[in-house]
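# Coordinate inspection notes
So you can see what is in the structure, the chains are spelled out below.
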Amino acid sequence: MLFGFAKGNDGSLVCAYMDHSTHQRYIEGDMRRLEEMLAQVAQSDAELQRKIVGGEDVQLLDLACGACDEAKTLARFFGGKESGAGDGRNMRFVGFDVRDREIADASARFENDPDADFEFIRGDATKLRDYRELPGAFDVIFMRHQNLWNGKRTWEEIYRNALEKLLPNGRLIITSYFDREHTQAIDAIKNQGGELLVTKANEISRELPTPGKSIDRHVAVLKRGEG
Ligand SMILES: C[S@@+](CC[C@H](N)C(=O)[O-])C[C@H]1O[C@@H](n2cnc3c(N)ncnc32)[C@H](O)[C@@H]1O
């Protein structure tokens, strides 16, 4: 039995116990909306669009991925399987998080999945350059629900390391739970040398019980600045 939230008769969010299949339906809905958001922001960024529909191999790092519910959705989207451009392309997907249990969970769920060459590493993203097993640079670095409010210094360091691990034409994509945190995260990434390309509010994101918090409430695409 899983603990979750549902809308009551008056529209307010109430605590509820959900079985596994109800929880799965929530996640599947979140993933459809995430994919839709990514398709929308890619329309505003020709390079991102090229990565999705072009014929080249893709290396994606999902930084602070937790249990990585988004793994398969991202692998299919960026590997071109959703757009039909994925034939013959290699999709390498590396999930990275500091928590043991979440990384073990993600490995068990995805490491044998055929949609990508999946690998999950437990580690500290503030020390990313110490992990020699990581590729030198990535086409896409994704950070879903980054957690800036929970340790500004830590996240500034993580943003800096993420920008350093991007190819010159690579893209850093973040999503946020809150409005203010999203703006602050963008500012923090710019302070570390990032350049904002597009940011978008998700009009259909799933509300959570904390006021002003919802799943993938905002998404932003950034790249390494010229300086
Ligand atoms: C809000 S959770 C998001 C998890 C997942 N991306 C999602 O959307 O469900 C933030 C994640 O950041 C990870 N994290 C925090 N500090 C980290 C660090 N120094 N290195 C790697 N991961 C870290 C946490 O373990 C947690 O999984």
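Our subject in this report is the structure included herewith. Model, not experiment: these values are computed from the prediction. (Residues numbered from 1 in each chain as written. Predicted model: local features only at pLDDT ≥ 70, side-chain atom pairs only at ≥ 80, totals over all residues.)

## Some thoughts on the overall build of the protein
Per the secondary structure count, the protein includes six helices and nine strands. Overall, the C-alpha framework of the protein stretches about 50 × 40 × 35 Å when taken along its three principal axes. Among the 227 residues that make up the protein, the fraction classed as buried is 35%. Here the contacts in the protein between residues at least 6 apart in sequence split such that 72% fall between residues at least 24 apart. (Helix = DSSP H or I, 4+ residues; strand = E, 2+ residues; numbered from the N terminus. Buried ≥ 20, exposed ≤ 12 C-beta atoms within 10 Å, placed from the backbone. Contact = placed C-beta atoms within 7 Å.)

## A look at helix 5 (residues 152-164)
For helix 5, with 13 residues, the first-to-last C-alpha span of 18 Å sits near the 18 Å given by 1.5 Å per residue. Looking at helix 5, one finds that the buried residues are W155, I158, Y159, A162 and L163. On an axial view of helix 5, the arc spanned by its buried residues comes to 135°, and they lie on one face. Against the buried residues of helix 5 lie strand 3 (58-63), strand 6 (138-144), strand 7 (166-176), helix 6 (179-191), strand 8 (194-201) and strand 9 (218-224). (Expected span 1.5 Å × (residues − 1). Arc of directions from axis to C-beta.)

## Let's talk about the pairing of strand 7
With eight of 11 residues buried, strand 7 lies mostly within the body of the structure. Traced from strand 6 through helix 5 to strand 7, the parallel crossover comes out right-handed. By the bridge criterion, five bridges tie strand 7 to strand 9 in an arrangement that is antiparallel. Looking at strand 9, one finds that I174 is bridged to A220. (Right-handed = clockwise from strand over helix to strand, strands pointing away. Pairing = 2+ DSSP bridges.)

## Some words on the nonpolar core
In this structure, L60, L63, I141, A162 and L172 are the most contacted members of the largest nonpolar core, which totals 51 residues. Setting aside chain neighbours within four positions, we find I141 in contact with L61, L63, A162, K165, L166, G170 and L172. (Core = buried A, V, L, I, M, F, W, Y, C linked by C-beta atoms within 7 Å.)

## Regarding unusual backbone geometry
One non-glycine residue with positive phi stands out, namely A64, at about 60°. With respect to the element layout, A64 can be found in the loop between strand 3 and helix 3 (71-78). In this structure, H145 is a non-glycine residue whose phi angle is positive, near 60°. By the secondary structure assignment, H145 is in the loop between strand 6 and helix 5.

## Structural notes on the sheet that holds strand 8
Strand order in the open sheet made by the seven strands is 5-4-3-6-7-9-8, with mixed pairing throughout. Of all the strands in the sheet, the pair left with one neighbour each is strand 5 (117-122) and strand 8. Averaged over all adjacent pairs, the angle separating strand axes in this sheet is 20°, with direction ignored. In this sheet, strand 5 lies alongside strand 4 (residues 91-97) in parallel orientation, the contact comprising six bridges. When the bridges of strand 5 are listed, R92 appears paired with D117. Relative to strand 7, helix 2 (residues 46-53) is tilted by about 95°, and along the sheet it contacts strand 3, strand 6, strand 7 and strand 9. (Axes fitted to C-alpha atoms, helices over the stretch in contact; angles between N-to-C directions.)

## Points about the environment of I173
Structurally, I173 is set in strand 7. Taking C-alpha positions, I173 is 11 Å from K200, a pair spaced 27 residues apart along the chain. If we skip the residues at most four places from it in the chain, I173 touches V140, F142, V219 and V221.

## Re the environment of N147
If you trace the backbone, N147 turns up in the loop between strand 6 and helix 5. For N147, a count of 16 C-beta atoms within 10 Å corresponds to the partly exposed category. Sequence separation of N147 and F178 is 31 residues, and the distance between their C-alpha atoms is 10.0 Å.

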